[in-house]
Amino acid sequence: LLDSIRKKAASLSLNFINKMVQRTGGELNYNVDWKKFPDSDILQPHLTMSLCSLDVLIQTPHGDEPPSLTAPMERVPQAVKKAVSFNSTDTYTIMWWSKYV
């Protein structure tokens, strides 16, 4: 019984968070149950978000100075975050502010 109550509480909380994330144009995917597939794969409880859901996503080219983590930062517009292309040489600064998680 307690396990089902925890799952219900988690589902309600994550549903609320999902609505908040969607209002900012982000994406959220979650699952609170263990699910076994016919091929023996297992889907574990998880919470994933698109990187565009972050409040700050800054790409700093190799050799340039990334922003200071102690300085105030403003939210980055969706168009700027979507334009980020990931590679193994640049530095990425990410921030996510939430009072819900």
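The structure under discussion appears in the preceding block.
So, how was this worked out
Residues numbered from 1 in each chain as written. Predicted model: local features only at pLDDT ≥ 70, side-chain atom pairs only at ≥ 80, totals over all residues. Heavy atoms only, no water. Phe/Tyr/Trp six-rings, centres within 6.5 Å; stacked < 30°, edge-to-face > 60°. Buried < 20%, exposed > 50% of the residue type's maximum accessible area, 1.4 Å probe, protein only. Helix = DSSP H or I, 4+ residues; strand = E, 2+ residues; numbered from the N terminus. Polar contact = N/O pair within 3.5 Å; in protein donor to acceptor, adjacent residues only side chain to side chain. Contact = heavy atoms within 4.5 Å.

1. So, the packing of aromatic side chains
Per the stated rule, a full pass over the model turns up one aromatic pair. Measuring from ring centre to ring centre gives 4.8 Å for Phe86 and Tyr92, while their planes differ by 40 degrees; the resulting arrangement is tilted. For Phe86, a relative accessible area of 48% corresponds to the partly exposed category. What makes Tyr92 partly exposed here is its relative accessible area of 21%.

2. Remarks on the side chain of Asn31
Following the sequence through the fold, Asn31 ends up in strand S1 (residues 28–31). Given the relative accessible area of 18%, Asn31 is considered buried. In terms of polar contacts, Asn31 uses its side chain to reach the backbone carbonyl oxygen of Asp33, at 2.5 Å. Setting aside anything within four residues of it in sequence, one finds Asn31 in contact with Leu43, Gln44, Pro45 and His46.

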